[in-house]
Structures are given as C-alpha cells and as structure tokens.
Amino acid sequence: MRVRVLAFASAADALGARAVEIELPAGSRASDLGELLASEHPALGELWPRLALAIDGSLAGPEAAIPDGAEVALLPPVSGGGRPRARLVDGPIEIARVAEEVAGGGRGALVLFVGRVRDSTGGRPVTGLTYDAYRPMAEAALERIAADLEGGAAGLEVAIVHRLGEVGVGEASVAIAVASPHRGAAYEASRTALERLKTEVPIWKCERFADGEARWREAEPLRSPVRA
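Bear in mind that the values here come from a model prediction, so they are computed numbers and not experimental data.

Close contact between helix α5 (residues 135-151) and helix α6 (residues 183-200) brings their axes to 10 Å; oriented N to C, the two are set at 150°. Of the possible angle classes, the one that applies to α5 and α6 is roughly antiparallel. Viewed along their axes, α5 and α6 form a crossing whose handedness is right-handed. Contacts between α5 and α6 involve A141, L142, R144, I145, D148 and L149 from the former and A189, T192, A193, R196, L197 and E200 from the latter. When grouped by side-chain class, the residues that make up the contact of α5 with α6 number 7 nonpolar, 1 polar and 4 charged.

Here it is in structure tokens:
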C-alpha cells in the first residue's frame, strides 16, 4: 500500500523533505513506519521518540493501523516544548495522570472535574453512552479553550481529556484538571472549560437505553468562540 508522509520543522530536516510517498506492506502500523523511516534516515530515527504522529488528521499511537492512501504527519514538539493541554482518547481516562499534568509547587489549588456516565436519563435506565467527534477540529477547539484559560490568569495550568467511543455507566467521559496559585481562579477556569466544551467542541453524545433504543443528544448549534 502507498502512504504520504508529511514532516514539519526538525522532522522535515531529518527526513530531507517536507513530503514523501512511501510503500508499506498491507496492515502496517505506525511503529512499522517508524522502523522503516529510521533505517533509511538515521537522524529521523534519533528524533522519533520525541515525535507525535497524526494519521489522516488524528493523533495516533505506535500500534495504530495505517490505511492504504493515508496521510501521516510527523509532528515534533512545539516551540514552547510543553505538553498538549487537551486531547481525545479512545480508552479509559487516566484520571490521576490528568491531575499530575498540571500540578506544581507554585500552584496551591488543584481543581479536578470528572464527568461520569449516569445510569439513567429522565427516569429511563441507560446502559452507556457513545461519543463521536470531528477529531481534528475537536482537538484544536479543546486546545484553544485551554490556552485561552491559561492566558487569562497568571500561573494557571489546564488539562482537558475527553473520551470517544463507547463509555459504560460509571466510567469517566471527560476530565478537566486546573491548577493555580489561588483557588478562585482554578474554580472559575474549571467551570468555564466545561461550559465552553459543551458549546464549542464538535463532540456528539448518543445515549444507549436499556430498552434497546439509542438516541443522539443534539440541543444547540455549535457556537464559535468569536460569535456572541
């Protein structure tokens, strides 16, 4: 199969090009691509552990399958060298890890919000939820929300993680961690992050009821952060 590899910044220097076409065996995963590129470009092999990969616009781990005709982007750390403030995950959220990402000696207040799946809605038993998203746009929107909040208060750090796919009753669907030198800013940022997530981020929720019915919850149109 044939895939297109895009490289940016130091990854492009190591690859010797901004874009190349590569032949891979059918069923190859991201790790297979890494091994191939490292064998042909040793400088890229040294950089590989620091890279993030996106397959067709979605961040992907080393075991992610690469489909035929895919576009794979090699993403070095951004100039700030920091962590991604927000992300989507396809499995259980590591709650403690989310909190640890924002903790620090100078931030005495840490507010952690965890949204969990209820066992009923409007008196009807629920077996679980399914979340869908337009991934590239959703990740960018979550990152923008976190960046806006961090820019609005000195010393404040934000992490937002939202789960996609099927989520069972009692499991976490979203975690928002905010740490700040003072509790007031942390409380306010946590609340604002959740409210903006619900109106600005293209993530959709389907309720799965015990009687077999499934229903997408769509209440309000998505709101642009620059629109009143």
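There is more to say after this.
On the basis of which strands lie adjacent, the open sheet formed by 5 strands has the order β2-β1-β5-β3-β4 and mixed pairing. Each edge of the open sheet is held by one strand with a lone partner, namely β2 (19-23) and β4 (58-60). Recorded for the sheet is a direction-independent mean angle of 30° between the axes of neighbouring strands. For strand β3 (residues 52-55) and strand β5 (residues 71-75), the ladder comprises 4 bridges, and the chain directions are antiparallel. Across the sheet, the residue bridging to A52 is L75, located in β5. In the packing of helix α2 (residues 30-40) onto the sheet, the strands contacted are β1 (2-7), β2, β3 and β5, and the crossing angle to β2 comes to about 105°.

When helix α4 (residues 95-102) is considered as a whole, its buried residues turn out to be V98, A99, E101 and V102. One side of α4 carries all its buried residues, which in axial view fall inside an arc of 155°. Those residues of α4 that are buried lie in contact with β6 (86-89), β7 (109-116), β10 (157-163) and β12 (172-180).

Looking now at the pattern of salt bridges. By the definition in use, this model includes 20 salt bridges. The residue R87 makes a salt bridge to E101 at a minimum N-O spacing of 2.8 Å. Taken as a pair, R87 in strand β6 and E101 in helix α4 lie far apart in primary sequence, 14 residues in all. Both residues of the pair, R87 and E101, belong to the buried class. A salt bridge links R217 to E207; the shortest N-O distance between them is 2.9 Å. Here E207 lies in strand β13 (residues 203-209) and R217 lies in strand β14 (residues 214-217), a separation of 10 residues in the sequence. Judged by relative accessible area, E207 falls into the buried class, the value being 1%. Through salt bridges that share partners, R2, R4, E21, E23 and E71 make up one connected network.

Each value, and the rule that gives it
- Residues numbered from 1 in each chain as written.
- Predicted model: local features only at pLDDT ≥ 70, side-chain atom pairs only at ≥ 80, totals over all residues.
- Heavy atoms only, no water.
- Axes fitted to C-alpha atoms, helices over the stretch in contact; angles between N-to-C directions.
- Helix = DSSP H or I, 4+ residues; strand = E, 2+ residues; numbered from the N terminus.
- Parallel < 35°, antiparallel > 145°, perpendicular 65-115°, else oblique.
- Left-handed = near helix turned anticlockwise from the far one by under 90°.
- Contact = heavy atoms within 4.5 Å.
- Nonpolar A, V, L, I, M, F, W, Y, C, P; charged D, E, K, R; others polar.
- Pairing = 2+ DSSP bridges.
- Buried < 20%, exposed > 50% of the residue type's maximum accessible area, 1.4 Å probe, protein only.
- Arc of directions from axis to C-beta.
- Salt bridge = Lys/Arg side-chain N within 4 Å of Asp/Glu carboxyl O.

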